[in-house]
Amino acid sequence: MDKKITFIGLGIMGSRMANNLQKNDVNLTVYNRTRSAMDPLIEAGAHGAGSLKDAVEEADIVFTMVSDPNAIEQIALGENGFLSSMKKGALWVDCTTVNPSFSLKEAAEAEKYNLRFMDAPVAGSKAPAEHGELTFLIGGDQSDVEKTRPLIEHMGSKIVHVGETGKGTSMKMLVNSLLAVAMASFSETVLLGEKMGLSKDFLLNTLPDLPVSAPFLKAKAEMIKNNDQETQFPLELMYKDLHLASLSAYEQDHPLLLNNITKELFGQAISEERGREDFSRIFDFMDNSAEAT
């Protein structure tokens, strides 16, 4: 592909996604507010932009992967956002997890500048991002999906074109709600099992292999068993996603009881300064809370 590609946002996920583009000889420009995050990619051959304007003005396709809707508001939308610096007809692909109504807002803002837009949040955390094994959940036109497919296939192993604009982020709301609720439920169940006299190791070895357990719990059970504190997906971002799912449910006049209970649990953990820990550490928080009662 001879197109000029820009990647904005080089955190846990974005840095690895951009690195997979760079490894595949993409004509890549990167930008991050903290310049040190750009250095490894620049050393690998990517162009490092000094500003958002410089990052996007020649790009055919711009990928963004930042923390939340507020971050997108700051860098992309409004008078000082990078949309006004993109060339007409270019495509903006936002991989940030935002709520669907916000995706529609992004698309409307892009249209004002004669730009195309696609919401493309991902399922997967640090390791899948590093190995190019993410699942992309896409909302947008089929033509734009095909235009970006060669690039996305460098970063992910599966592309799910869910539907029109906003449907990718709609699906992501469901995915992360399931993820968080399952993690909390698993933690509560293991802790109850311990109270009933079953060993922690037995429970962590046995429960994830049963058909009632979500597949991701096997890896998280290993992290709990080994007291592995490496952050794959921060607890504070899961809390944010639960909030966005709750907001989306409110917009649809739909109750989301378990999601909201889990959101409050994660919020309590954040109040004890656990926000940067992996979301599986909710087990440790619940364990400590049970001991304190």
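So, here is what we can say about the structure in this document.

The rules behind the values
Throughout, a residue's number is its position along its own chain's written sequence, starting from 1. For a predicted model such as this one, the threshold for reporting local features is a pLDDT of at least 70, and the threshold for listing and counting side-chain atom pairs is 80 or more; totals across whole chains, interfaces and linings nevertheless cover every residue. Heavy atoms from the whole structure form the basis of all side-chain values; hydrogens and water molecules are not counted. For the purposes of this entry, the term helix denotes a DSSP run of H or I that reaches at least four residues, the term strand denotes a run of E that reaches at least two, and both are numbered from the N terminus. When checking whether two residues touch, look at their non-hydrogen atoms; a contact exists if any pair is within 4.5 Å. Buried, partly exposed and exposed residues are distinguished by accessible area as a fraction of the type maximum, computed with a 1.4 Å probe on protein chains only: under 20%, between the cut-offs, and over 50%, respectively. Between N-to-C directions, angles cover 0 to 180 degrees, with each direction set by a line fitted to C-alpha atoms, over the stretch in contact for helices. Angle categories: roughly parallel below 35 degrees, roughly antiparallel above 145, roughly perpendicular from 65 to 115, and oblique for all the rest. Gly counts as polar in this scheme, as do all residues outside two lists: the nonpolar Ala, Val, Leu, Ile, Met, Phe, Trp, Tyr, Cys and Pro, and the charged Asp, Glu, Lys and Arg. Polar contacts, as counted here, are pairs of nitrogen or oxygen atoms within 3.5 Å of one another; within protein the pair requires one atom able to donate a hydrogen and one able to accept it, and residues that are adjacent in sequence qualify only if both atoms are side-chain atoms. Ring pairs shown here join Phe, Tyr and Trp side chains whose ring centres sit within 6.5 Å, with only the six-membered ring taken for Trp; geometry is labelled stacked below 30 degrees between planes, edge-to-face above 60, and tilted in between.

Let's talk about the environment of Lys200
Here is step 1: Positionally, Lys200 belongs in helix 9 (residues 200-206).
Here is step 2: The sequence separation of Lys200 and Asn288 amounts to 88 residues, and the corresponding C-alpha distance is 15 Å.
Here is step 3: Those residues in contact with Lys200 that sit more than four places away from it in its chain are Glu194, Ile224 and Phe283.

Topic: the environment of Ala59
Here is step 1: Take Ala59: it is sitting in the loop between helix 3 (52-56) and strand 4 (61-64).
Here is step 2: Classification of Ala59 as buried rests on a relative accessible area of 2%.
Here is step 3: As for Ala59 and Lys87, which are separated by 28 residues in sequence, their C-alpha atoms are 7.4 Å apart.
Here is step 4: Leaving out residues up to four positions away in the same chain, Ala59 has contacts with Lys4, Thr6, Lys87 and Ala90.

A look at the packing of helix 12 (residues 257-271) against helix 13 (residues 282-292)
Here is step 1: The interhelical angle for the contact between helix 12 and helix 13, taken along N-to-C directions, is 80°, at an axis separation of 10 Å. In terms of orientation, helix 12 lies roughly perpendicular with respect to helix 13. Touching Leu265, Phe266, Gln268 and Ala269 of helix 12 are Ile282, Phe285 and Met286, all from helix 13.
Here is step 2: Among the residues forming the contact of helix 12 with helix 13, the class breakdown is six nonpolar, one polar and no charged.

A short note on the side chain of Lys220
Here is step 1: When you line up the elements, Lys220 lands in helix 10 (residues 217-225).
Here is step 2: Residue classification places Lys220 among the buried residues on the basis of a relative accessible area of 7%.
Here is step 3: Separated by 2.9 Å, the side chains of Lys220 and Asp278 make a polar contact.
Here is step 4: Among all residues touching Lys220, those that are not within four sequence positions of it are Met183, Gln232, Asp278, Phe279 and Ser280.

Looking at unusual backbone geometry
Here is step 1: Within the chain, Asn114 stands out as a residue other than glycine whose phi angle is a positive 60°.
Here is step 2: With respect to the helices and strands, Asn114 occurs in the loop between helix 5 (100-112) and strand 6 (116-119).
Here is step 3: Despite not being glycine, Glu273 shows a phi value in the positive range, around 65°.
Here is step 4: Residue Glu273 is classed as exposed on the basis of its relative accessible area, which comes to 74%.

As for the packing of aromatic side chains
Here is step 1: In total, this model carries five aromatic pairs according to the counting rule given.
Here is step 2: Ring centres of Phe7 and Phe63 lie 6.0 Å apart, and the angle between their planes is 15°; on these two criteria the pair is classed as stacked. Pair noted here: Phe7 is in strand 1 (residues 4-8) and Phe63 is in strand 4, with a separation of 56 residues, a long-range link.
Here is step 3: The exposure class of Phe7 is buried, given its relative accessible area of 0%.
Here is step 4: Geometrically, the ring pair formed by Trp92 and Phe117 is edge-to-face, given 5.0 Å between the ring centres and 65° between the ring planes. Residue Trp92 is located in strand 5 (residues 91-94), and its partner Phe117 is located in strand 6; the two are separated by 25 residues in the primary sequence. In terms of burial, Trp92 and Phe117 fall into one category: buried.
Here is step 5: Pairwise contacts between aromatic rings join Phe82, Trp92 and Phe117 into one cluster.

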